[in-house]
Amino acid sequence: MARRLSRRAGPEHPVLFVDGDDIPEPARPPRPRAGEAMRAFDALLAAAEAVALGDLDARSAGRTVRVGGERRPPEAMLAGDALLDDGTAVLPLVLAARAPRSLRAALATRFLLVTGVVREHDGALTIEPAEVVDLRALARDWAGQR
């Protein structure tokens, strides 16, 4: 004999949440906050033809880009070795397993100019750096040459 389906809680249909207070909030991506700090590098980033992180989307995957921003420590919800914040968006920087030690050391700098490949990892965009430069040192050298 066919059994009737029921939505009542029981051994066959356990209750996941008693009320709305039990439901966890969805993880939210980090908010960009480096906009003011990055204004000092606007002319240099324009000369370097850097792309804003906010302009990158799923169609950018596989493309080599140059981006600048402030390095932030990694967060648990985003995979990566560091986060890059340019004031328009925040994206994780994911170093390849074969990345040289010098590249890892360069990630310790606060302001970065990164050349790398945009990748899609677990449904989120990341950047795999191929070259990392200290943006403040580059700005000092560039200002001296102008």
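Residues numbered from 1 in each chain as written. Predicted model: local features only at pLDDT ≥ 70, side-chain atom pairs only at ≥ 80, totals over all residues. Heavy atoms only, no water.

1. Looking at the overall build of the protein
- If you tally the helices and strands in the protein, you get four helices and five strands.
- Secondary structure elements in the protein, listed N-terminal to C-terminal, are α-α-β-β-β-α-β-β-α.
- By the burial criterion, 34% of the 146 residues in the protein qualify as buried.
- Long-range contacts, defined here as pairs at least 24 residues apart, represent 57% of the contacts in the protein between residues at least 6 apart.
- In the form shown here, the protein has an accessible surface area of approximately 9,900 Å², with 51% of it arising from carbon and sulfur atoms. (Helix = DSSP H or I, 4+ residues; strand = E, 2+ residues; numbered from the N terminus. Buried < 20%, exposed > 50% of the residue type's maximum accessible area, 1.4 Å probe, protein only. Contact = heavy atoms within 4.5 Å. Areas by Shrake-Rupley, 256 points an atom, 1.4 Å probe, with all protein chains shown as cover.)

2. So, the layout of surface pockets
- In this structure, the largest pocket encloses a volume near 150 Å³.
- Along its surface, the largest pocket is lined by Met38, Asp42, Leu45, Ala46, Ala50, Val51, Ala52, Gly68, Asp86 and Thr88.
- If one sorts the elements of the lining of the largest pocket by residue count, helix 2 (residues 42-47) sits on top with three residues.
- Classifying every residue of the lining of the largest pocket by side-chain character gives six nonpolar, two polar and two charged. (1 Å grid on protein atoms, 1.4 Å probe; cavity = no way out; pocket = protein on both sides within 12 Å on 5 of 7 lines; lining within 4 Å. Points joined across faces, edges and corners; volume = space filled by probe spheres on them. Nonpolar A, V, L, I, M, F, W, Y, C, P; charged D, E, K, R; others polar.)

3. Structural notes on the nonpolar core
- If you look at the biggest cluster of nonpolar residues, it comprises 19 residues, and the most contacted ones within it are Leu53, Leu56, Val114 and Ile127.
- Breaking this core down by element, the ones donating at least two residues are strand 1 (64-72), strand 3 (90-93), helix 3 (101-106), strand 4 (111-121) and strand 5 (124-134).
- In this view, Leu53 contacts Val67, Leu84, Asp85, Asp86, Thr88, Ala89, Leu91 and Ile127; residues no more than four positions away in its chain are not counted.
- Of all hydrophobic cores here, the second largest spans ten residues; its members include Met38, Leu45, Phe111 and Leu113. (Core = buried A, V, L, I, M, F, W, Y, C linked by side-chain atoms within 4.5 Å.)

4. Side note on the pairing of strand 3
- Across the two faces of strand 3 the burial is the same, with Val90 and Pro92 and Leu91 and Leu93 all buried.
- Where strand 2 (residues 82-85) and strand 3 come together, four bridges link them in antiparallel fashion. Considered in strand 3, the bridge of Leu84 is made with Leu91.
- Here strand 2 folds back onto strand 3 in antiparallel fashion, the turn holding four residues, of which Gly87 has a positive phi close to 95°. (Pairing = 2+ DSSP bridges.)

5. Side note on the pattern of salt bridges
- Counted by the stated rule, this structure contains seven salt bridges.
- Salt-bridge contacts for Arg59 lead to Asp57; the nearest nitrogen and oxygen are separated by 2.6 Å.
- The exposure class of Asp57 is partly exposed, given its relative accessible area of 26%.
- Linking Glu128 and Arg119 is a salt bridge whose minimum nitrogen-to-oxygen distance equals 3.2 Å.
- For Glu128, a relative accessible area of 19% gives the class buried.
- Given a relative accessible area of 36%, Arg119 falls into the partly exposed group.
- Each of the salt bridges in this network shares a partner with another, and the network as a whole consists of Arg72, Glu75 and Asp85. (Salt bridge = Lys/Arg side-chain N within 4 Å of Asp/Glu carboxyl O.)

6. Description of the packing of aromatic side chains
- If you walk through the whole model with that rule in mind, you get one aromatic pair.
- Pairing Phe41 with Phe111 gives two aromatic rings, centres 5.2 Å apart and planes at 50°, and the pair type is tilted. Of this pair, Phe41 sits in the loop between helix 1 (35-38) and helix 2 while Phe111 sits in strand 4, and the two are 70 residues apart along the sequence. Take Phe41 and Phe111: they sit in the same class, and that class is buried. (Phe/Tyr/Trp six-rings, centres within 6.5 Å; stacked < 30°, edge-to-face > 60°.)

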